[in-house]
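# Structure assessment
The chain contents come next:
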Amino acid sequence: MGKQKTKKFAAMKRMINLKDHRIKEKDRAKAKEKKKKDPSELKEREVPKYPSCLFFQYNTQLGPPYHILVDTNFINFSIKAKLDIVQSMMDCLYAKCIPYITDCVMAEIEKLGMKYRVALRIAKDPRFERLPCTHKGTYADDCLVQRVTQHKCYILATVDRDLKRRVRKIPGVPIMYISNHRYNIERMPDDYGAPRF
């Protein structure tokens, strides 16, 4: 009885380097020539365009009526806390609020199934404005972050920690969240609602 040879898994054939001296000179990979930088040449760098609506961190586009982008979990937690979404938003901001729901958020609620049918009925409320999505896929977090970066007129309503962390990096976007059975707002200057002279 001879010994059985065990088969090696993921064994690869050894490849010769393209710069190896054993390869013919015409087939060899050529070494990259380094260009000497001219010290007197102007340095170009790409700087992200800053939106004109921001005065440092102060967002001039925010003002009543407030446009509030609502996330899936915000609706679910509002139901758990027994809060009327539109009324509680108005109690928080002391002004008219228009909640907005994107197609992604709507699709996310529909995917949750029968357990969250109350959330779906609330999302289909005529007081909620619908925002159509043009991108592929239904990942709501990316969609909301993209919208908030493009248009600085929104307040983002969410309870999701990861989403909050992502939105905090974007200047001039306030975040609405739920704590102690009421809505609170984060990063909202006091004088947004004050009349400007």
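Residues numbered from 1 in each chain as written. Predicted model: local features only at pLDDT ≥ 70, side-chain atom pairs only at ≥ 80, totals over all residues. Heavy atoms only, no water.

- Looking at an unreviewed UniProt entry, one finds the chain named rRNA-processing protein FCF1 homolog and attributed to Lates calcarifer.
- Of the chain, the UniProt comment under Subunit (unreviewed entry) reads exactly: "Part of the small subunit (SSU) processome, composed of more than 70 proteins and the RNA chaperone small nucleolar RNA (snoRNA) U3."
- According to the UniProt record, the Subcellular location (unreviewed entry) comment for the chain is "Nucleus, Nucleolus". (UniProt positions renumbered as here; feature names shortened; annotations may be inferred.)

## Here's the deal with the pattern of salt bridges
- This structure, assessed with the given rule, holds seven salt bridges.
- The salt bridge partner of Arg130 is Asp103, with a shortest N-O separation of 2.7 Å. Placement of the pair is Arg130 in strand S5 (residues 129-131) and Asp103 in helix H3 (residues 103-111), with a sequence separation of 27 residues.
- By relative accessible area, Arg130 is classed as partly exposed at 43%.
- Residue Asp142 is joined to Arg166 by a salt bridge in which the shortest nitrogen-to-oxygen separation is 2.8 Å. With Asp142 in helix H5 (residues 140-150) and Arg166 in helix H6 (residues 161-168), the pair connects residues that are 24 residues apart, well separated along the chain.
- In the salt-bridge network here, residues are joined through shared partners; they are Asp84, Asp125 and Arg127. (Salt bridge = Lys/Arg side-chain N within 4 Å of Asp/Glu carboxyl O. Helix = DSSP H or I, 4+ residues; strand = E, 2+ residues; numbered from the N terminus. Buried < 20%, exposed > 50% of the residue type's maximum accessible area, 1.4 Å probe, protein only.)

## Thoughts on the packing of aromatic side chains
- Scanning the entire structure with this criterion turns up two aromatic pairs.
- Between Phe74 and Tyr183, the ring centres sit 4.8 Å apart and the planes meet at 45°, which makes this aromatic pair tilted. Here the residue Phe74 occupies a position in helix H1 (residues 72-80), and Tyr183 occupies one in strand S8 (residues 182-186), the gap between them amounting to 109 residues.
- Its relative accessible area of 0% is what places Phe74 among the buried residues.
- The class of Tyr183 is buried, set by a relative accessible area of 2%.
- Measuring from centroid to centroid gives 5.7 Å for Tyr100 and Tyr154, while their planes differ by 75°, and the two rings are edge-to-face. Here Tyr100, found in strand S4 (residues 97-102), pairs with Tyr154, found in strand S6 (residues 154-157); they are 54 residues apart in sequence, far enough to count as distant. (Phe/Tyr/Trp six-rings, centres within 6.5 Å; stacked < 30°, edge-to-face > 60°.)

## Quick notes on the sheet that holds S6
- Reading across from one edge, S5-S4-S3-S6-S7-S8 is the order of the six strands in this open sheet, with mixed pairing throughout. Edge positions in the open sheet fall to S5 and S8, since each of these has one partner strand only. Strand after strand, the sheet turns through a mean of 35° between neighbouring axes, direction not considered.
- Sheet topology places S6 next to strand S7 (residues 175-179); two bridges connect them, and they run parallel. Directly across from Leu156, in S7, lies its bridge partner Ile175. (Pairing = 2+ DSSP bridges. Axes fitted to C-alpha atoms, helices over the stretch in contact; angles between N-to-C directions.)

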